Amino acid sequence: MRESNFKKTRLCICVFMALSLVMISSALVRAEGEEDKPTASIYTDILSQYVWRGFGLSQNSAIIQPSMTASYKGFSLNVWGNFDTNAKPPGSPPPYKGATWNETDLTFSYTHAIVGDLSGSIGGIYYAYDSALDSFEVYGGLSYAFPWLTVGVTGYREVSHYPGWFVQFDLSRNFKLPWCGMSTDLGASFFYLSSSDSTAYPADFDNQGQPIDNGSAFSGMLSGQLAQDGEVAHFESRMASFVGVKGAVAVSSGAAALHLALVALKVGPGCEVIVPSYVCPAVLNAVLYTGATPVVADIDPSTFNLSADDAKRRITPKTRAVIVPHMFGLPADLDALGALGVPVVEDLALALGSRRHGRRTGGFGTLAVCSFYATKMMATGEGGMVLGSDGALLADVRDLRAMDEKEDFRVRFNYKMTDMQAALGLSQLRKLTTFIARRREIADLYNDVLCRLGLPVPCAPGECEPVWYRYVLLLDGDAEPFIEEMKRRGVECRRPVFRPLHRYLGLSGYEATEDVWRRAVSVPLYPALTGAEVDVVAKALRSVLPKHCTGKGV
């Protein structure tokens, strides 16, 4: 019912925007000098983005908001976006990341003069590209045009899902552009966010670093629907939109997702599946669940991802699939792996939200899987998902995840996700881009420590945008002495993979995996790390790392 109402709301908005476009398009051909001549403008809003919560003050970054607006008789259609310059927050050390485009939004509004130069407006934001949400927000505000400055205040409220509100204060100045017959506004905006708002900023965290999304979890329980229902379907739709594929199927865990992806690809006894050795045993288990034979391949030591060259050498007529985990948040070489001629299953457990060549990972392979375990990029406690654009494969996965009320019989599984988990997943998905931004901020700070020490930073090829699930260092020798010394300084570091798969299976060789496993260590990096905690880690790295890493062996 909830999804149906949202679709009706979306249809109404589409019709309203279509009518607005017709009005504006017809207006643009009116004769010059006629009354109520349509106007167009370019607006650039420089957002200092100060955010008050209670009496606290924080600053994320400076943002430039360019927009194009077409107006006629008070109706306006506007396309605008966020260009994040990542300006220096007060008191924070370097380095600072390059500018990035965050999202593009489509808005509509109606403005009416109230008294003199005091105007009121009402409108809505419908589609936000790259924000994992095509939601509907309504807004209204007042503005007063002084001779040299326009002052405005606007309140926003999301009405489709997870209501929240914020108030925006604007200062702007209009400048005519005689060479193009248009005008531009330059201004600054400041936000006040309600404490319950969850649309753009991360949740609070407990002392284990896990996000607290109690409101979403309780809403799932209070709905009276705990098992799989509308929230699961909504979560699947939002995840597919976020990754950039046509569909998704939510399941009970990441391991279940990988298992069903392989079954849908007709992997079974007599088949072979290529997997990297440097990965957790869940990948190995999923292959063995199907009765197929795992074929373990070596890795690229510079990226810790599956080596396309070694995988190619291991392909046989029995090879049915290759599983490609994007290790520690860095996309694998999907061009080379996709050219192997066998179905690719992307494993996004550590890399949800990462990009390669500007596209999000998960849309390159035949299918993709992700995990929502408590320590992953976004968490529902347990849970997973299969994503892709092949409708037949996704339909098979959907059929396999539940056993009851089927016309035929075949071996199926109890792999369903609950609505309560899905409600929490939707809340987490809305915050994922902010989680990723915080991970990148911390990684940039660690990179600066390494640069100042004259050491190479972890590999991140130019075509890739990692999400920094782990910050992995490659030492000169065995990682254990470094781990012990960091522990004495109050910083817990670990080997990022407990044991390679080839060791579990008693296989020899795998020189790159063996070398990386012996020398690799991950240092703390997760969104809940405070600035003070990051400083403790950075201080320990500055002291301890030069004793264990010269950079010559990387």
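Remember, predicted model here, so these are calculated numbers, not experimental data.

### Quick word on the sheet that holds strand 16 (residues 355-356)
Reading across from one edge, 17-16-20 is the order of the 3 strands in this open sheet, with antiparallel pairing throughout. A single partner strand is all that each edge strand has here, and the edge strands are strand 17 (359-360) and strand 20 (464-465). The sheet contact formed by strand 16 and strand 17 spans 2 bridges and is antiparallel. When the bridges of strand 17 are listed, Arg356 appears paired with Arg359.

### Some points on the confidence of the model for the protein chain
Segments scoring low in pLDDT should not have their predicted coordinates read at a detailed level. In the predicted model, the protein chain carries a mean pLDDT of 79, and the fraction of residues at 70 or more is 71%. pLDDT under 50 marks residues 87-98. Its contacts with residues more than four places away, or in other chains, come to 22 contacts.

### Thoughts on the packing of helix 4 (residues 254-264) against helix 5 (residues 281-289)
One way to put it is that helix 4 packs onto helix 5 with a least axis distance of 9 Å and a crossing angle of 40 degrees. Between helix 4 and helix 5, the angle falls in the class oblique. Here helix 4 and helix 5 pass one another in a crossing that is right-handed. Listed contacts from helix 5 to Ala255, Leu258, His259 and Leu262 of helix 4 are Ala282, Val283, Ala286, Val287 and Tyr289. Residues that form the contact of helix 4 with helix 5 fall into these classes: 8 nonpolar, 1 polar and no charged.

### Digging into the packing of helix 9 (residues 419-452) against helix 13 (residues 531-548)
Where helix 9 contacts helix 13, the two axes come as close as 10 Å, and the packing angle between them is 25 degrees. If you check the angle between helix 9 and helix 13, you find them roughly parallel. The interaxial crossing formed by helix 9 with helix 13 has right-handed handedness. On the side of helix 9, the interface is formed by Arg438, Ile442, Leu445, Tyr446, Val449 and Leu450, while helix 13 contributes Gly531, Val534, Val537, Ala538, Leu541, Arg542 and Leu545. Within the contact of helix 9 with helix 13, the residues separate by chemical class into 10 nonpolar, 1 polar and 2 charged.

### Things to note about a nonpolar patch on the surface
On the surface, a nonpolar cluster with roughly 580 Å² of combined accessible area is contributed by Tyr144, Phe146, Trp148, Leu149, Val151 and Leu171. Note on placement: Trp148 falls in the loop between strand 7 (137-145) and strand 8 (150-158). For Trp148, a relative accessible area of 62% puts it in the exposed group.

### Looking at the pairing of strand 19 (residues 384-388)
For strand 19, the tally of buried residues reaches 5 of 5 residues, placing the bulk of the element in the interior. Side chains Gly384, Val386 and Gly388 project from strand 19 onto one buried face, and the interleaved Met385 and Leu387 project onto a second face that is buried too. Relative to strand 19, strand 11 (residues 247-251) runs antiparallel, the two being bridged by 5 bridges. Opposite Ala250, over in strand 19, you have Met385 as the bridge partner. Across 4 bridges, strand 18 (residues 367-371) lies against strand 19 in antiparallel orientation.

### Points about the pattern of salt bridges
Oppositely charged side chains can pair when the atoms bearing their charge come close. Taken as a whole, this structure holds 22 salt bridges when the rule is applied. Here Arg314 ties to Asp310 by a salt bridge, and the two come within 2.9 Å at their closest N and O atoms. For Asp310, a relative accessible area of 8% corresponds to the buried category. Salt-bridge contacts for Asp396 lead to Arg410; the nearest nitrogen and oxygen are separated by 2.4 Å. Within this pair, whereas Asp396 is found in helix 8 (residues 391-400), its partner Arg410 is found in the loop between helix 8 and helix 9, the two being separated by 14 residues in sequence.

### Quick word on the sheet that holds strand 13 (residues 293-297)
Spatially, the 7 strands line up as an open sheet ordered 11-19-18-15-14-12-13, and their pairing is mixed. For this open sheet the edge positions go to strand 11 and strand 13, each flanked by a neighbour on one side alone. Averaged over all neighbouring strand pairs, the angle between strand axes comes to 25 degrees, with direction disregarded. Where strand 12 (residues 272-276) and strand 13 come together, 5 bridges link them in parallel fashion. Its bridge partner lying in strand 13, Pro276 is registered against Ala297. Most of the contacts of helix 4 go to strand 18, to which it runs at about 165 degrees, and overall it touches strand 11, strand 12, strand 14 (319-325), strand 15 (344-347), strand 18 and strand 19. Together, strand 11, strand 18 and strand 19 form the strand contacts of helix 8, whose direction differs from that of strand 11 by roughly 20 degrees.

### A few points about the packing of aromatic side chains
Under the criterion given, the structure shown has 9 aromatic pairs. A centroid spacing of 5.3 Å and a plane angle of 45 degrees characterise the contact between Phe235 and Phe372, whose relative ring orientation is tilted. Here Phe235 is found in helix 3 (residues 230-243), whereas its partner Phe372 is found in the loop between strand 18 and strand 19, with 137 residues between them in sequence. Each member of the pair, Phe235 together with Phe372, is buried.

### Some words on a positive patch on the surface
On the surface, Arg488, Arg489, Lys539 and Arg542 cluster together to form a positively charged patch. Position of Arg489 among the secondary structure elements: in the loop between helix 10 (480-488) and helix 11 (501-504).

Definitions and cut-offs
- Residues numbered from 1 in each chain as written.
- Predicted model: local features only at pLDDT ≥ 70, side-chain atom pairs only at ≥ 80, totals over all residues.
- Heavy atoms only, no water.
- Pairing = 2+ DSSP bridges.
- Helix = DSSP H or I, 4+ residues; strand = E, 2+ residues; numbered from the N terminus.
- pLDDT = per-residue confidence, 0-100.
- Contact = heavy atoms within 4.5 Å.
- Axes fitted to C-alpha atoms, helices over the stretch in contact; angles between N-to-C directions.
- Parallel < 35°, antiparallel > 145°, perpendicular 65-115°, else oblique.
- Left-handed = near helix turned anticlockwise from the far one by under 90°.
- Nonpolar A, V, L, I, M, F, W, Y, C, P; charged D, E, K, R; others polar.
- Patch = residues over 30% accessible without salt bridge, like charges linked within 9 Å, V, L, I, M, F, W, Y side chains within 5 Å.
- Areas by Shrake-Rupley, 256 points an atom, 1.4 Å probe, with all protein chains shown as cover.
- Salt bridge = Lys/Arg side-chain N within 4 Å of Asp/Glu carboxyl O.
- Buried < 20%, exposed > 50% of the residue type's maximum accessible area, 1.4 Å probe, protein only.
- Phe/Tyr/Trp six-rings, centres within 6.5 Å; stacked < 30°, edge-to-face > 60°.
- Lys, Arg positive; Asp, Glu negative; His and termini not counted.
- Charge placed at Lys NZ, Arg CZ, Asp CG, Glu CD.

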